[in-house]
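# Fold and geometry: a report
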Amino acid sequence: MKKTFITIIAVLMTLSLSAQGRSILLEENFNSVMFPTGWQKMGDGTSNWHISQSNLAGGDFNELKLDWTPIFNGVARVVTPPLDLTGMQSVGMSFVHFFNNFDGEHTLSIETSSDGGNTWHEAWSQHHVQTEITNQYSESIQISTSDIGHSSVLFSITYNGNTDKLTAWYCDEITIFEMQSLNLSLNSIDIDDVLTAGKNEVFFTIENKGSQPISNFTVSLSVDGEEIAEETFNDGMESLEIRQYSFISQAFLMPENKNICVTIKSINGGNDEDP
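Bear in mind that the values here come from a model prediction, so they are computed numbers and not experimental data.

Calculation notes
- Residues numbered from 1 in each chain as written.
- Predicted model: local features only at pLDDT ≥ 70, side-chain atom pairs only at ≥ 80, totals over all residues.
- Heavy atoms only, no water.
- Phe/Tyr/Trp six-rings, centres within 6.5 Å; stacked < 30°, edge-to-face > 60°.
- Helix = DSSP H or I, 4+ residues; strand = E, 2+ residues; numbered from the N terminus.
- Buried < 20%, exposed > 50% of the residue type's maximum accessible area, 1.4 Å probe, protein only.
- Lys NZ or Arg CZ within 6 Å of the ring centre and 35° of its normal.

Applying the stated rule across the entire model yields 11 aromatic pairs. Between F217 and Y245, the ring centres sit 5.2 Å apart and the planes meet at 80°, which makes this aromatic pair edge-to-face. Here the residue F217 occupies a position in strand 17 (residues 217–223), and Y245 occupies one in strand 19 (residues 242–246), the gap between them amounting to 28 residues. By relative accessible area, F217 is classed as buried at 0%. Judged by centre distance (5.1 Å) and plane angle (65°), the rings of F233 and Y245 are edge-to-face. Separated by 12 residues along the polypeptide, F233 in strand 18 (residues 226–233) and Y245 in strand 19 bring together distant segments of the chain. Each of the two residues, F233 as well as Y245, counts as buried. Within the aromatic cluster, the residues linked to one another by ring pairs are F204, F217, F233, Y245 and F247. Sitting above the plane of the F35 ring, K41 keeps its charged end 4.7 Å from the centroid. Of note, K209 hangs over the ring of F177, and the distance from its end group to the ring centre comes to 5.1 Å.

Structure below.
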């Protein structure tokens, strides 16, 4: 059977990078082998933290790693530079991590401090026991501790346990962002770069980065600048929930290079606060 293929040369998403950038307070992907400027190691095990040239957490190569040696039993922290959160009530944080247990009990957490690290407040935690050996996670959390709203807030990636019972903990793709009430993010258009000619289903992934639930949203699908579909989805999405959708209408593609564009038109019948 002879098949004809279409090359998708560009995938366009209606995310204004400048608008999106205004809501991002911190982004760290540990791309360098050097420890990022402004970050600190606090507490126990300061020599256990380093940048590993691996990608076990699920991001790109190079990631933050807590090693088991030298052995300590206590609390170890890697702390961000201070962030000005004046006037904010909550922020969002996303990251990926890979926890490799040996046979002990360990607690991983995200904490905040507004007094320079003297007092810490837990925003998120995950407890591991010896029956959970190796796991990879992707986290999206809303943080509304008593520190939020202050002018100099530290965020801590915190380990509590005995590293004699640990293999390693890896973290990557750390983003802290301001949360508007309504903010729907188009994360990706999930199609191959080369498709078979004819009708093709178009999938896309979105994330509710706002603090409020989303009851409905409208998106459009365009090929080479021509809108071929506009559809409304009435599924409820909670804050920081991520889902994949597909258009009912399929894109009929002829054999040539094509530009595919997905556009978020409205959220809950109104506008996105971070367009």
